[in-house]
Every structure is written in C-alpha cells, then in structure tokens.
Amino acid sequence: MTSLFTSYRLGGLTLPNRMVMAPMTRGRAAAGGLATPSMATYYAQRATAGLIVSEGVQPSLIGQANPGTPGLHTDEQVEAWRPVTAAVHANGGRIFAQLMHGGRVSHPDTTGLQPVGPSAVPAVGDVFTPTGPQPAPMPRALETTEVPEHARSYARAARRAVEAGFDGVELHGANGYLISQFLSSNANLRTDRYGGTIAHRIRFAVEAVAATVETVGAERTGLRLSPGGTFWGVEESEVRDLYTALLTELDPLGLAYVHLEATSDEATLVALRRAWQGTLVMNPVFPMGPKQTGREDADHWLDLGADLISFGRAFLANPDLVERLRGGLPLAPVDEATYFQGGDTGYLTYPAHQYAA
C-alpha cells in the first residue's frame, strides 16, 4: 500500500517521501528580483520534503505579477539563487523553480510596463503594487506574432534555473496567470490560432511546455494546473474536455509531473488522473482557503491514484512537516498577517517541534 513516507522515483531524482512543498508567494525578494540569504534559510529549513517547489519566479520583467517576487531572467538573479539551491542540497533536499508569468495580473507601478494578456480584458479585483492594492489595469492583447516569444520565455528561464542549481522547473499554468488566461473562455477572446476552440486555447500551454522540455529535458519539467478555478476572474468552459485535451496533448512529452489543484469536483479530478499517464502531484485542499492539508487528505488522494501530495500552508508553518506527520504530532497554524509583510517574522520564525532526546 502506497504511503506518504515511501520513496518515489521522479525523473532523475529519488524522493525519500511523497510530500511536496507547494509553491507559495512570500514577497521577500530583494530589489531587482534577487533571492536573499533569508530565502536560503527558509527553503533549507524545509528540505526534508520529498520535493520543494519554489515561490513563483517571473521569467521576464513583463511577467512579474507582484512586487517583492524573485526572477530568473538576469545573470544577477541566477547568481542570487545559487546559495538558495546549494543550501537545500546541503540539507539533503531537492528543489524545482516555479516559473510564473503573471500576464494581465500585474501593474505598471510594479514593472514599468503595461501588462499583456491573450485579450484586452482586465483581471477582476485589485492587484498588489509597491504602494498597495490597485484595480487591475487593462492589459494589451498580444499580437499573434508575439505569443511564441512569451511561450519561449519559460524555456529561457528554465535554462537559467538549471544554471542556478535548481533540479527542475514547474510552469505555473494555474490560478489565473498567463497560461491559465489562454486556457480561459472569458479572458481569452481571440479568434486566431490561440483562441476559440479547445484545441486553440490549449496551444499556448503546449508550446510553453514543449519549449521548456526541449531546453532542459522532460524529466526536469512539471506543470501546475487549476481545472475550473476562477482566480482573478477567469472562467473556463468545458472544463473536463479542456483539461483532458491538454493532458492528452502533453502526455507524449514525458513530463516529470502534472500538479493539480483541488479547484474542481472530485469526479472531474479523478477523470483527469485517468487521462494523465505520468506522475500526478495532487494538492488536495482548495488554494488560499482556510484549511491546511493534513494526513487524511493526503491518504485519500494517494488511494485515488495520486503519486505525490503537495502541502502549502502546512509546510509554511511547519518546517518539519514530514516528521510531524510521520509521528502524528499536532500542526502549528499559519499566521496569515505575515504572508507578504516582508522580513523574517512569519518566515524563519516558525519553530520545529521539540522532539524527545
């Protein structure tokens, strides 16, 4: 019987357990999108995870969604990440970089640039800026000739991630960001080869993933998806058909994994598990909801066919989450007020459990 604590072969990596630290924006990068010594400590504290997926990392300046997030599009950013990956590896861990192009979820006050998207349709809600929340601006619709360049931006960032010491990358295709916007039926109103039919709406995702696979290899490439999610106002018609078509198109590429969020009903998610022949990482709890993923949620999805289980808030508040779940110990709660405030409080200050000698 599959257990959270059995090892798993993921591409060229042997994971000591099936627990994945999910990507979580923390807003603590230095100016210029540089990783910091505190980030090295933060990730190294959680290196007992089978796999760590980093916070969202912008693959280009125009792809930056929020202030205080790190990048992988300059030489300086590569150098800043090297101590982080080295610290994780020194503690026996493995780490993928999540590559996140915000698309329309951005603001000129953050990047100095007008955001871009599949269509001139703004996101719903306020976006974060250096001076506080502001209404999401109108994005510029990408010309057909421009779209492949943005797909290739993930591949260029993936190459830099490997140079920085990451074991691989996860493309952020979820939560209303650029790939998700192309999959959407209301953020994507295009009538060219990137919009309209399901076959056209999945094209950008497939091109971004294929370019990344060509650049760093399939065993170093994962993809996160949120089927049916409505983040930042995106909507998706024909959710099951849309994602079945996407996974069918991606299956021959032999990706390291697909990472699904619990943003749709269980029957749809199980159907997508059947449609995907490769490794499935499942995040069992609705993103940004109040509940932490626990042992019962994890075991349920392992029984339903997931290979790996990702934990977000639980890993944030419990750097020793693997040991706590293995021993049936209580989990510390998260302090939501410190999610994005900067500094080390609520970042490096969550204590490990005091284990008996």
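These numbers were taken from a predicted model, which means no experiment stands behind them.

Reading guide: rules and limits
- Residues numbered from 1 in each chain as written.
- Predicted model: local features only at pLDDT ≥ 70, side-chain atom pairs only at ≥ 80, totals over all residues.
- Heavy atoms only, no water.
- Phe/Tyr/Trp six-rings, centres within 6.5 Å; stacked < 30°, edge-to-face > 60°.
- Buried < 20%, exposed > 50% of the residue type's maximum accessible area, 1.4 Å probe, protein only.
- Helix = DSSP H or I, 4+ residues; strand = E, 2+ residues; numbered from the N terminus.
- Salt bridge = Lys/Arg side-chain N within 4 Å of Asp/Glu carboxyl O.
- Core = buried A, V, L, I, M, F, W, Y, C linked by side-chain atoms within 4.5 Å.
- Contact = heavy atoms within 4.5 Å.
- Pairing = 2+ DSSP bridges.
- Right-handed = clockwise from strand over helix to strand, strands pointing away.
- Axes fitted to C-alpha atoms, helices over the stretch in contact; angles between N-to-C directions.

(A) Here's a closer look at the packing of aromatic side chains. Within the structure shown, the criterion is met by 10 aromatic pairs. With a centroid separation of 4.9 Å and 70 degrees between ring planes, the pair formed by Tyr42 and Tyr43 is classed as edge-to-face. The class for Tyr43 is buried, based on a relative accessible area of 1%. Between the aromatic rings of Phe128 and Phe340, the centroid separation amounts to 5.8 Å while the plane-to-plane angle is 50 degrees, which identifies the pairing as tilted. You can see Phe128 sitting in the loop between strand E7 (126-127) and strand E8 (134-135) and its partner Phe340 sitting in the segment after helix H12 (321-326), a full 212 residues away along the chain. On the basis of relative accessible area, Phe340 is assigned to the partly exposed category, the value being 46%. Three or more aromatic residues joined by ring pairs form one cluster here, namely Tyr154, Phe182, Tyr194 and Phe204.

(B) Broad picture of the pattern of salt bridges. Under the definition given, this model contains 11 salt bridges. Among the ionic pairs, Glu149 bridges to Arg156, the shortest N-O distance being 3.0 Å. A relative accessible area of 35% means that Glu149 is categorised as partly exposed. We note a salt bridge from Asp320 to Arg324, for which the minimum N-O separation is 2.9 Å. Like Asp320, the residue Arg324 is buried in the burial classification. Each of the salt bridges in this network shares a partner with another, and the network as a whole consists of Glu149, Arg152 and Arg156.

(C) Representation of the nonpolar core in the model. Grouped together as the largest cluster of nonpolar side chains are 87 residues, with contacts concentrated most on Leu72 and Phe311. Take this core: its biggest share by element is 7 residues, from helix H7 (residues 203-216). Apart from the residues within four sequence positions on either side, Phe311 is in contact with Leu4, Met19, Val20, Met21, Ala22, Thr293, Gly294, Ala298, Leu321 and Leu325. Membership of the second largest hydrophobic core comes to 12 residues, among which are Leu15, Phe96, Tyr257 and Leu308.

(D) Highlighting the side chain of Thr293. Its place among the elements puts Thr293 in the loop between strand E13 (280-283) and helix H10 (295-303). Those residues in contact with Thr293, other than ones at most four positions away along the chain, are Asn283, Pro284, Val285, Ile309, Ser310, Phe311, Ala314 and Leu331.

(E) Region of interest: the pairing of strand E4 (residues 51-57). For E4, the buried fraction is high: 7 of the 7 residues fall into the buried class. Where strand E3 (residues 19-21) meets E4, 2 bridges bridge the pair, whose relative direction is parallel. The partner of Val20 across the bridge, within E4, is Leu51. Where E4 and strand E5 (residues 95-99) come together, 4 bridges link them in parallel fashion. Its bridge partner lying in E5, Ile52 is registered against Ile95. In the classification by handedness, the crossover that spans E4, the intervening helix H2 (residues 75-90) and the parallel E5 is right-handed.

(F) How the structure looks around the environment of Val105. Summarising the element assignment, Val105 is placed in the loop between E5 and helix H3 (108-111). Of the residues examined, Val105 reaches a relative accessible area of 1% and is grouped as buried.

(G) A look at the sheet that holds E4. One closed barrel accounts for 8 strands, arranged E3-E4-E5-E10-E11-E12-E13-E14; its pairing is parallel. Between one strand axis and the next, the sheet turns through 25 degrees on average, direction left out of account. Each of E5 and strand E10 (168-172) is contacted by helix H4 (residues 147-163), which is oriented at about 155 degrees to E5, the strand it contacts most.

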